[in-house]
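Listed below are the residues making up each chain.
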There are 2 protein chains.
Amino acid sequence: MSLNFPIKRKERQTIVNKANLGMDFEALINESNTYYLNNDIAVIHKKPTPVQIVKVDYPQRAKAVITEAYYKTPSTTDYNGIYKGKYIDFEAKESHNKTAFPLANIHPHQIEHLKRIIAHGGIGFFIFYWQYYNKYYILDFNIVLKYWENSLNDGRKSIPYQEFLDNGYLIQEGYLPRLNYLKVIDEKYFK
Amino acid sequence: MSLNFPIKRKERQTIVNKANLGMDFEALINESNTYYLNNDIAVIHKKPTPVQIVKVDYPQRAKAVITEAYYKTPSTTDYNGIYKGKYIDFEAKESHNKTAFPLANIHPHQIEHLKRIIAHGGIGFFIFYWQYYNKYYILDFNIVLKYWENSLNDGRKSIPYQEFLDNGYLIQEGYLPRLNYLKVIDEKYFK
């Protein structure tokens, strides 16, 4: 057992779960988006998972059932919308490591898409959930891009946690919504 | 046979198909969006159809197969993205009538979503394909909203074709892309 992390895995898990009241990262972001929508703050939605539908049954007196379909690779990020007149676009990532986020968890199409969004004047970023620390950070796209491009040139294949401490924006957990990520966006992109 | 429409149904169909080279309305819009993307003009994507996935099989050495899923009601329109720094959002509708577009083909969530988008400073509209005339029109959201609200107050349940002739924006079919709808958006929203 490490002295640095005296909480056992099992206990830590419980703490994390309590903090989230059993809600996973995606549900937390969706809850924020619903709050923003209902309070007329922003219109941000998660995109549906792209699926290639092959076979659909139409049972009598029942709704259509898709009986054969396949997951497709998305061509964008998961979330987009409008906030204070600006186009906003982001991807949510979860890290289970202690010291670094592996870049293998970021897909080339996400990088390409966000590059374009920023070139066209939109706001693009990543929200990271560090499960181990139970902390949420926003990292500007350009920081992620720097590590990404470096990794293609035989550089390190991950983003160190220290980068989040130094240049990330910690999202303070609150009450309503629990994950008020637009507060960080306000400070970073609207000031 | 009507004197106003001297072309028989069968012949008309052929003309329409030739004009489209067999491409349907959605494929035409997707083609435009691909063109805009590849030429760095705009980043606009169709959202995937929302599906509630219930059962997934993982056959050995083969990719996951979704074996039970259901269509879900979307909460937004089909298309959104960024153009010249502005958030853009629209829905595509096809009319098979001659004289009016039935409002029953527009869903309440589409109206609510576009209302919000415009309140937050985005550009929102409908693209209509009038199959009978083989013509494409953009109609500003506020015109559609006027008819929609009127229909809720026992007014007419459709938008007359005349409204498109008077206040719609005809999209001229071209070569690349065939349906250059952003040209109309330029004239209407960026001048």
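Residues numbered from 1 in each chain as written. Chains lettered and ligands numbered in written order. Predicted model: local features only at pLDDT ≥ 70, side-chain atom pairs only at ≥ 80, totals over all residues. Heavy atoms only, no water.

What to know about the environment of Val51(B)
To keep things clear, this is the line we draw: Helix and strand definitions here come from DSSP, where helices need a minimum of 4 consecutive H or I residues and strands a minimum of 2 consecutive E residues; each element is numbered from the N-terminal end. Residues count as neighbours in contact if any of their non-hydrogen atoms are within 4.5 Å of one another.
You can see Val51(B) is positioned in strand 2 (residues 51-57). A sequence separation of 22 residues divides Val51(B) from Thr73(B), and the C-alpha atoms of the two residues are 8.6 Å apart. Those residues in contact with Val51(B) that sit more than four places away from it in its chain are Ile53(A), Ile66(A), Ala69(B), Tyr70(B), Tyr71(B) and Lys72(B).

Considerations on the sheet that holds strand 2 of chain B
Let me state the cut-off plainly: If DSSP finds at least two bridges between two strands, the strands pair. Between N-to-C directions, angles cover 0 to 180 degrees, with each direction set by a line fitted to C-alpha atoms, over the stretch in contact for helices.
Spatial strand order, 2(A)-3(A)-3(B)-2(B): four strands in an open sheet with antiparallel pairing. What marks the edges here is a single partner per strand, and that holds for strand 2 (51-57) of chain A together with strand 2 of chain B. Neighbour to neighbour, the strand axes of the sheet diverge by 35 degrees on average, direction disregarded. As paired strands, strand 3 (residues 65-71) of chain A and strand 3 (residues 65-71) of chain B are joined by two bridges and run antiparallel to one another. The partner of Ile66(A) across the bridge, within strand 3 of chain B, is Ala69(B).

Observations concerning the packing of aromatic side chains
A ring pair, where both rings are aromatic, is described by two values, the distance of the centres and the angle of the planes. Residue and element names in this part refer to chain A. The condition that has to hold: Two rings from Phe, Tyr or Trp (for Trp, the six-membered ring) form a pair when their centres are within 6.5 Å of each other. A pair whose planes differ by under 30 degrees is stacked, one over 60 is edge-to-face, and the rest are tilted. Whether a residue is buried, partly exposed or exposed follows from its accessible area with a 1.4 Å probe, protein chains only, as a fraction of its type maximum: under 20%, in between, or over 50%, in that order.
As enumerated under the stated definition, the model contains 45 aromatic pairs over all chains in all. Relative to Phe-141, the ring of Phe-126 lies with its centre 6.5 Å away and its plane at 20 degrees, an arrangement referred to as stacked. Of this pair, Phe-126 sits in strand 7 (residues 123-130) while Phe-141 sits in helix 4 (residues 141-152), placing them 15 residues apart in sequence. By relative accessible area, Phe-126 is classed as buried at 0%. Residue classification places Phe-141 among the buried positions, given a relative accessible area of 1%.

Some details on the environment of Ile138(B)
Residue and element names in this part refer to chain B. Looking at the secondary structure, you find Ile-138 in strand 8 (residues 135-140). Overall, the relative accessible area of 1% leaves Ile-138 in the buried class. Taking C-alpha positions, Ile-138 is 5.7 Å from Phe-126, a pair spaced twelve residues apart along the chain. Beyond its immediate stretch of four places on either side in the chain, Ile-138 contacts Phe-125, Phe-126, Ile-127, Gly-168, Tyr-169, Ile-171, Tyr-181, Val-184 and Ile-185.

Some words on the sheet that holds strand 1 (residues 42-46) of chain B
Residues and elements named next belong to chain B. Sheet architecture is open: six strands sit in the order 1-4-5-7-8-10, paired in mixed fashion. Edge strands, defined here as strands with exactly one partner in the open sheet, are strand 1 and strand 10 (169-170). Here strand 8 runs beside strand 10; their pairing, made up of two bridges, is antiparallel. Of the residues in strand 10, the one forming a bridge with Tyr-137 is Leu-170. In the packing of helix 2 (residues 25-38) onto the sheet, contacts are made with strand 1, strand 4 (79-83), strand 5 (86-95), strand 7 (123-130) and strand 8, and the angle to strand 1 comes to roughly 150 degrees.

Remarks on the relation of the copies chain A and chain B
Here is the rule we go by: The copies were overlaid by least squares, fitting only the C-alpha atoms of residues that reach a pLDDT of 70 or more in each copy.
Screw-axis analysis of chain A against chain B gives a translation of 0.0 Å along the axis, an RMSD of 0.0 Å, and a rotation angle of 180 degrees. Expressed as a symmetry operation, the mapping of one chain copy onto the other fits a two-fold axis. Comparing contact sets, 100% of the residues at the interface of chain A also lie at the interface in chain B, consistent with an isologous, same-surface contact.

Focus: unusual backbone geometry
Residues Leu176(A) and Pro177(A) are joined by a peptide bond in cis, for which omega reads -5 degrees. By the secondary structure assignment, Pro177(A) is in the loop between strand 10 (169-170) and helix 6 (181-189). Look at Asn134(B): it is not a glycine, yet its phi comes out positive at around 55 degrees. Position of Asn134(B) relative to the elements: it lies in the loop between strand 7 and strand 8. Judged by its relative accessible area of 16%, Asn134(B) is buried. Not every positive phi belongs to a glycine, and Asp154(B) is a case in point at roughly 65 degrees. Residue position: Asp154(B) is located in the loop between helix 4 (141-152) and strand 9 (158-160). For Asp154(B), a relative accessible area of 72% translates into the label exposed.

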